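# Survey of secondary and tertiary structure
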Amino acid sequence: MSDTQTLESAQTETPEALVARLAKAGRAAQVVLARMTTPQKAAALLAAAEALRAAAPAILEANAQDMAAGAARGLSGAMLDRLRLDVGRLAGIADAVAAVAGLPDPVGEVISQDERPNGLVLARVRVPVGLIGIIYESRPNVTADAAALCIGSGNAALLRGGSEAVHSNRAIHAAMVQGLVSAGVPEAAVQLMPTQDRAAVGAMLTAAGLIDMIVPRGGKSLVQRVQDDARVPVLAHLDGICHTYVHSAADPDMALSIAVNAKMRRTGICGSMETLLLDAAFPGSVAVVRALLDKGCELRGDARARALDPRILPASEADWDTEYLDAILSVAVVDGLEAAIDHIARHSSHHTDAIITADAAAAEEFLQRVDSAIVMVNASTQFADGGEFGLGAEIGIATGRLHARGPVALEGLTTYKWQVRGTGQVRP
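The structure displayed is predicted, hence computed values, not measured ones.

### Comments concerning helix α12 (residues 285-294)
Turning to α12, its buried residues are S285, V288, V289, A291, L292 and L293. At the exit of α12 stands G296, carrying a positive phi of roughly 95°.

Right, here's the structure in full:
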């Protein structure tokens with residue numbers, strides 16, 4: 001069905017009928033995709049990456065429409081930064097798709113194998129999840145990343161992007177599908193919801209038996225709605241309230257460099273530091289907060305943090321639980337490692353938390369006791385990214401405790417089945 005026909009159909013169907021039609025087409029395509037070999041999937045992803053490069057002028061023109069509309073709607077600077085594409089970012093998107101083609105294929109991997117005393121041979125083998133629904137906001141790169149990861153793991157994708165990136169998403173999707181189809185992937189293996197009607201999201205969330213898993217990627221309100229309303233299993237990506245704790249034994253120069261990078265490199269990403277914890281015994285606290293303030297970051301601190309620099313504003317209780325996604329940072333002074341871990345336990349969203357220290361014992365205790373999807377030592381939280389983890393791309397950072405955790409890439413989009421081989425055994 002052409003894009004025009006799909007849009008026309010979407011205007012006359014109920015949201016439930018639309019989702020059912022797309023889901024059935026996606027499930028049929030996934031059956032074909034699941035039989036494709038690793039080299040075939042890799043060739044399709046390379047073709048999709050090349051199609052993205054070839055379509056760069058059209059994609060950038062579409063993104064300019066979204067940027068203009070976003071500015072007119074009053075989107076924040078951080079939101080516009082998440083939305084914006086340029087030649088370099090678009091090249092990075094295409095490169096990420098190509099990188100997925102070179103990753104090990106998890107499908108068919110034997111996780112474990114055992115022979116029972118009765119001679120039955122049992123194996124757990126990785127298989128695709130099926131049809132994955134991805135509901136996301138702002139970032140048009142998710143369209144390409146999600147499509148690539150689903151294809152690489154043998155899954156079909158049903159994408160529903162945010163209205164602020166509608167033109168960018170459609171242009172990226174069209175290029176991706178053109179490349180994939182040229183390499184033998186069914187067109188319905190990657191579908192983009194043709195309507196921005198919010199009722200379509202509700203229809204996706206209740207499409208049990210048609211959609212096998214939902215992955216939300218966006219703000220707290222989106223994720224909360226998905227978790228509250230879904231009748232389909234959800235792989236959740238919650239907000240990124242990321243902490244950096246500067247231990248008393250931290251190198252002052254390292255602490256300053258990491259703190260500035262963790263906050264100010266890109267303030268609108270989920271791995272951006274939102275709370276800085278300074279040990280009361282750390283000697284370089286004044287220099288760290290001064291560097292952040294001089295970079296244009298607004299600091300909101302407790303009483304002891306405010307004593308470090310008169311430009312620090314008072315923090316409210318809500319600040320410790322806020323993902324700013326902007327040049328705003330909460331700062332607290334804490335009395336040692338125990339107090340830092342306690343603060344993180346009370347306020348972290350279990351996304352990414354880091355310690356800066358030269359004390360190996362303190363570092364190991366922090367790694368063991370902080371219960372987050374990603375825990376770091378002497379590194380910027382901005383490294384919380386699937387590409388930086390060698391996963392090519394990511395579909396999100398899972399902050400829950402089931403199925404997958406941290407950057408979710410190919411392996412996180414698989415499940416497993418048991419294969420049992422016998423020689424005629426019957427159960428007594």
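Read on, since the account is not over.
### Concerning the sheet that holds strand β3 (residues 131-136)
Spatially, four strands are ordered β5-β4-β3-β6 in an open sheet, and the strand pairing comes out parallel. Each end of this open sheet is capped by a strand with a single partner; those strands are β5 (190-192) and β6 (213-217). Mean inter-strand twist for the sheet, computed between neighbouring axes without regard to direction, equals 20°. Sheet analysis places strand β4 (residues 156-160) next to β5, joined by three bridges and oriented parallel. Bridged to L159 within β5 is L192. On the sheet, helix α2 (residues 15-34) packs against β3, β4 and β5 and is oriented at approximately 145° with respect to β4. Here helix α7 (residues 141-152) sits on the sheet in contact with β3, β4, β5 and β6, set at roughly 165° to β3.

### A short note on the state of the cysteines
All chains considered together, the criterion is met by zero disulfides. This cysteine, C150, is not joined by any disulfide, and C270 carries the nearest cysteine sulfur, 18 Å off. Look at C150 and you get buried, because its relative accessible area is 0%. Cysteine C270 is unpaired, with the sulfur of C242 as its nearest cysteine sulfur at 6.8 Å. A residue is classified by how much of its surface remains accessible, and C270, at 8% relative accessible area, is buried.

### Points about the pairing of strand β13 (residues 374-377)
By the alternation rule, side chains of β13 split into I374 and M376, which are all buried, and V375 and V377, of which none is buried. Here strand β12 (residues 352-356) runs beside β13; their pairing, made up of four bridges, is parallel. Looking at the pairing, I355 lines up with V377 of β13. For the crossover that starts at β12, traverses helix α15 (residues 360-369) and ends in the parallel β13, the hand is right-handed.

### Notes on the side chain of S349
Mapped onto the fold, S349 is located in the loop between α14 (337-347) and β12. Residue S349 is classed as buried on the basis of its relative accessible area of 9%. At a separation of 2.9 Å, a polar atom in the side chain of S349 contacts the main-chain amide nitrogen of I241. In this structure S349 touches D239, G240, I241 and T399, once residues within four positions along its chain are discounted.

### Observations regarding the sheet that holds strand β16 (residues 414-421)
Strand order in the open sheet made by the three strands is β1-β2-β16, with antiparallel pairing throughout. One side of each edge strand has no neighbouring strand; the edge strands of this open sheet are β1 (110-115) and β16. Within the sheet, the average angular offset between the axes of one strand and its neighbour, ignoring direction, is 20°.

### Describing the packing of helix α3 (residues 38-54) against helix α6 (residues 87-101)
With their axes 8 Å apart at the nearest point, α3 and α6 run at an angle of 170° to one another. Considering the angle they form, α3 stands roughly antiparallel to α6. Contact residues: A42, L45, L46, A48, A49, L52 and R53 in α3; I93, A94, D95, V97, A98, V100 and A101 in α6. The class makeup of the residues in the contact of α3 with α6 is twelve nonpolar, no polar and two charged.

### With respect to helix α11 (residues 252-264)
Taking 1.5 Å of rise per residue, 13 residues should cover 18 Å, and α11 covers 18 Å from first to last C-alpha, within 8% of that figure. In the core, the buried residues of α11 are packed alongside β7 (242-246), β8 (273-279), α12, β11 (328-334) and β12. The opening residue of α11 is D251, an N-cap whose side-chain oxygen sits 3.1 Å from the backbone nitrogen of D253.

### A closer look at the pairing of β11
In the case of a regular strand, side chains alternate between the two sheet surfaces. In terms of burial, β11 is largely enclosed, as seven of its seven residues are buried. Burial of β11 is two-sided: the residues I328, S330, A332 and V334 facing one way and the residues L329, V331 and V333 facing the other way are all buried. Of the strand pairs in this sheet, β8 and β11 are connected by five bridges, and their pairing is parallel. Directly across from D279, in β11, lies its bridge partner V334. Bridging between strand β9 (residues 298-301) and β11 involves four bridges; their strand directions are parallel. By the bridge assignment, G301 is partnered in β11 with V331.

### Side note on the environment of V166
By the element assignment, V166 lies in helix α8 (residues 166-182). Sequence separation between V166 and S138 is 28 residues, and the spatial gap between their C-alpha atoms is 9.1 Å. Beyond its immediate chain neighbours, meaning those up to four positions away, V166 contacts D66 and Q196.

### Let's talk about the environment of V331
If you trace the backbone, V331 turns up in strand β11. Since its relative accessible area comes to 0%, V331 is described here as buried. C-alpha of V331 to C-alpha of A99: the two residues are 232 residues apart in sequence and 38 Å apart in space. Discounting chain neighbours no more than four positions away, the residues touching V331 are L276, L278, V289, L299, R300, G301, D302, A305 and W320.

Reading guide: rules and limits
Starting from 1, residues in each chain are numbered consecutively following that chain's sequence as written. Two thresholds apply to this predicted model, a pLDDT of at least 70 for residue-level local features and 80 or more for giving and counting side-chain atom pairs, whereas whole-chain, interface and lining totals are computed over all residues. Only hydrogens and water are set aside; all other atoms, that is, all heavy atoms of the structure, feed into the side-chain values. Residue exposure (1.4 Å probe, protein chains only): buried if accessible area is under 20% of the type maximum, exposed if over 50%, otherwise partly exposed. Secondary structure is summarised from DSSP: a helix means a run of H or I of at least four residues, a strand means a run of E of at least two, and numbering begins at the N terminus for each. Two strands qualify as a pair provided that DSSP identifies no fewer than 2 bridges between them. Here an angle of 0 to 180 degrees is reported between the N-to-C directions of two axes, which are lines fitted to C-alpha atoms, with helices fitted over the stretch in contact. We call two residues in contact when some of their heavy atoms are within 4.5 Å. For this text, the term disulfide refers to a pair of cysteine sulfurs within 2.5 Å. Clockwise travel from the first strand over the helix to the second, with the strands pointing away from the viewer, marks a crossover as right-handed. Counting of polar contacts relies on pairs of N or O atoms within 3.5 Å, with two restrictions inside protein: one atom must be capable of donating a hydrogen and the other of accepting it, and residues adjacent in sequence are counted only when both atoms are side-chain atoms. Orientation categories follow fixed angle ranges, with anything under 35 degrees roughly parallel, anything over 145 roughly antiparallel, 65 to 115 roughly perpendicular, and all other angles oblique. Three classes are used, and their members are as follows: Ala, Val, Leu, Ile, Met, Phe, Trp, Tyr, Cys and Pro are nonpolar, Asp, Glu, Lys and Arg are charged, and the others, Gly among them, are polar. Every helix has an expected span of 1.5 Å times one less than the residues it contains.

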